[in-house]
Amino acid sequence: MAFFNLQDINVSYDKKNNILEGLNLEIEKGELVSLLGPSGCGKTTTLRVVAGFIEPTHGQFILDDTDMTKVPVHKRNFGLVFQSYALFPHLSVFDNVAFGLKLQKVSKEEIKKRVENILEVCDLKGFEKRFPKQLSGGQRQRVALARALVVEPKLLLLDEPLSNLDAKLRINMRVEIKRLQRKLGITTIFVTHDQEECFSISDKVAVMNGGVIEQYDTPENIYRTPKTEFVARFIGFENFIDLKRKDAHTYIASDGSEFVVDNGCDKEDPKGTIRPEDIQIVSSQDNVENKITGKVIVRTFLGKSYQYELDTPLGVIVVNGSSDHVLQAQDTVCVSLPKGKIVLV
Ligand SMILES: Nc1ncnc2c1ncn2[C@@H]1O[C@H](COP(=O)(O)OP(=O)(O)O)[C@@H](O)[C@H]1O
Ligand SMILES: [Mg+2]
């Protein structure tokens, strides 16, 4: 059995509707797993079940072969960094970090040693005597992390810990979290609604939708081969084209045109989807696969590229084009959907 196991978990806040329904999650020791999904899909609820703040109405939580389902919060000794878990304003950095160890009645010398060590690891040496209000957002976040890590928890639970930081700090901090997590080998669940953040630090990603996990896999596999339309949309796929299966690698669109794909699927009428940046703008004479002709209806400047909405016989197709050759509204344009980049869902 995996180190961490959520088995068939149901949660209901009102005894009528299930917020989580039959949720399963397995995590190996030392892995960092992200829960990714839109607001309201049940990420925080899942973490609260693990932390012990809510008891599931059905199912079990097993950690290291021990049934934790009914163990109270304070006996779980997990490291928690929740959005709402603020630092104690009246305690210094040192005392904030030492708090959990004092609760555990660790000796004074041992506390000093461990707090100093973790402050060094979190790049907070020299800040021991400061109070939270004398720190920047990123420093405070690191103190919260140090406080969670110092108890050397069996599990580290992070609920959108970077959401209050500006863009640059977020990136620094996520590298920091990954480094610490690796160094200390702590099994970690990281909650986020930001796919880039999640892909960059996770060993595995669980994409959640409406209280269930729709796909659980490595970031690479999810990025390249989403299994459902929801997952595909959430990670940046657009252009969902209704298709009918002709054979394993050939599909027919609604206007009768044929699409070839590298990776077929078992469904008789799947949708073919592709990211806007994977579509190529070609000339009308080019002999290329999966060609569609359309008219530019909207152009959006993205910085590195332009994005166009094309009106085509298959509906609106969204495509990115380089800044070298800029198209105008009403221009007629041909695009090719490379067969290796089309995913069937
Ligand atoms: N204490 C609560 N009482 C009732 N409903 C709640 C409570 N907390 C969360 N919910 C509902 O449960 C669903 C999942 O919420 P949550 O787990 O916080 O989602 P996420 O963290 O993914 O944004 C939402 O529909 C939310 O409104
Ligand atoms: Mg949440």
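Our structure's up above, just so we're on the same page.
First, a word on what this report is: a plain description of the structure on this page. Just so it is clear, the structure is predicted and the values come from calculations on it, not from any experiment.

### Some remarks on the pairing of strand S12 (residues 250–253)
As defined by bridge partners, strand S11 (residues 238–247) adjoins S12 across four bridges and the pair is classed as antiparallel. Looking at the pairing, Asp247 lines up with Thr250 of S12. Once S11 ends, the chain turns through two residues before running back antiparallel as S12. Relative to strand S13 (residues 258–260), S12 runs antiparallel, the two sharing three bridges. Bridging across to S13, Ile252 finds its partner in Glu258. Here S12 hands over to S13 after four residues, with Gly256 in that stretch at a positive phi of 90°.

### Thoughts on unusual backbone geometry
Phi angles above zero are rare outside glycine, and Asp65 is one such case at about 65°. Mapping Asp65 onto the fold places it in the loop between strand S4 (58–63) and strand S5 (66–67). The phi torsion at Glu160 lies on the positive side, around 45°, for a residue other than glycine. By the secondary structure assignment, Glu160 is in the loop between strand S7 (155–159) and helix H6 (167–184).

### Describing the site of ligand 1
The environment of ligand 1 is formed by Tyr13, Ile19, Pro38, Ser39, Gly40, Cys41, Gly42, Lys43, Thr44 and Thr45. Backbone polar atom of Gly40 to an oxygen atom of ligand 1: 2.7 Å apart, as the coordinates give it. Taking Thr45, its side chain carries an N or O atom lying 2.5 Å from an oxygen atom of ligand 1. Considered on its own, ligand 1 offers 570 Å² of accessible surface; in the complex 57% of this is hidden by protein. Looking at the shell around ligand 1, its residues break down into four nonpolar, five polar and one charged.

### What about helix H5 (residues 137–149)?
Given 3.6 residues per helical turn, the α-helix brings residues three or four places apart onto the same face. With 13 residues, H5 extends 18 Å from end C-alpha to end C-alpha; this agrees with the ideal 18 Å at 1.5 Å per step. Where burial is concerned, most of H5 is hidden: 11 out of the 13 residues are buried. Of the positions making up H5, those classed as buried are Gly138, Gln139, Gln141, Arg142, Val143, Ala144, Leu145, Ala146, Arg147, Ala148 and Leu149. Summarising the contacts, the buried residues of H5 are in contact with strand S6 (79–81), helix H3 (93–103), helix H4 (108–121), S7 and H6.

### Here's the deal with the sheet that holds S5
What links the strands of a sheet is backbone hydrogen bonding, and the strands pair in either a parallel or an antiparallel sense. Spatial strand order, S2-S1-S4-S5: four strands in an open sheet with antiparallel pairing. Whereas interior strands pair on both sides, the edge strands pair on one side only; in this sheet they are strand S2 (20–27) and S5. In this structure, strand S1 (residues 4–11) lies alongside S4, joined through five bridges in antiparallel fashion. Within S4, the residue paired with Gln7 across the bridge is Gln60. Strands S1, S2 and S4 of the sheet are contacted by helix H1 (residues 43–51), whose axis makes an angle of about 115° with S1.

### Regarding the environment of Thr57
Mapped onto the fold, Thr57 is located in the loop between H1 and S4. The exposure class assigned to Thr57 is exposed, which follows from its relative accessible area of 53%. Along the sequence, Thr57 and Tyr251 sit 194 residues apart, while their C-alpha atoms lie 45 Å from each other. Thr57 has contacts with Asn10, Val11, Ser12 and Asn18, leaving out every residue within four places of it along the chain.

### Topic: the sheet that holds S13
One open sheet holds the five strands; their spatial order is S13-S12-S11-S14-S20, and the pairing between them is antiparallel. Each end of this open sheet is capped by a strand with a single partner; those strands are S13 and strand S20 (343–344).

What counts, and where the lines are drawn
- Residues numbered from 1 in each chain as written.
- Chains lettered and ligands numbered in written order.
- Predicted model: local features only at pLDDT ≥ 70, side-chain atom pairs only at ≥ 80, totals over all residues.
- Heavy atoms only, no water.
- Pairing = 2+ DSSP bridges.
- Helix = DSSP H or I, 4+ residues; strand = E, 2+ residues; numbered from the N terminus.
- Near = heavy atom within 4 Å.
- Polar contact = N/O pair within 3.5 Å; in protein donor to acceptor, adjacent residues only side chain to side chain.
- Areas by Shrake-Rupley, 256 points an atom, 1.4 Å probe, with all protein chains shown as cover.
- Nonpolar A, V, L, I, M, F, W, Y, C, P; charged D, E, K, R; others polar.
- Expected span 1.5 Å × (residues − 1).
- Buried < 20%, exposed > 50% of the residue type's maximum accessible area, 1.4 Å probe, protein only.
- Contact = heavy atoms within 4.5 Å.
- Axes fitted to C-alpha atoms, helices over the stretch in contact; angles between N-to-C directions.

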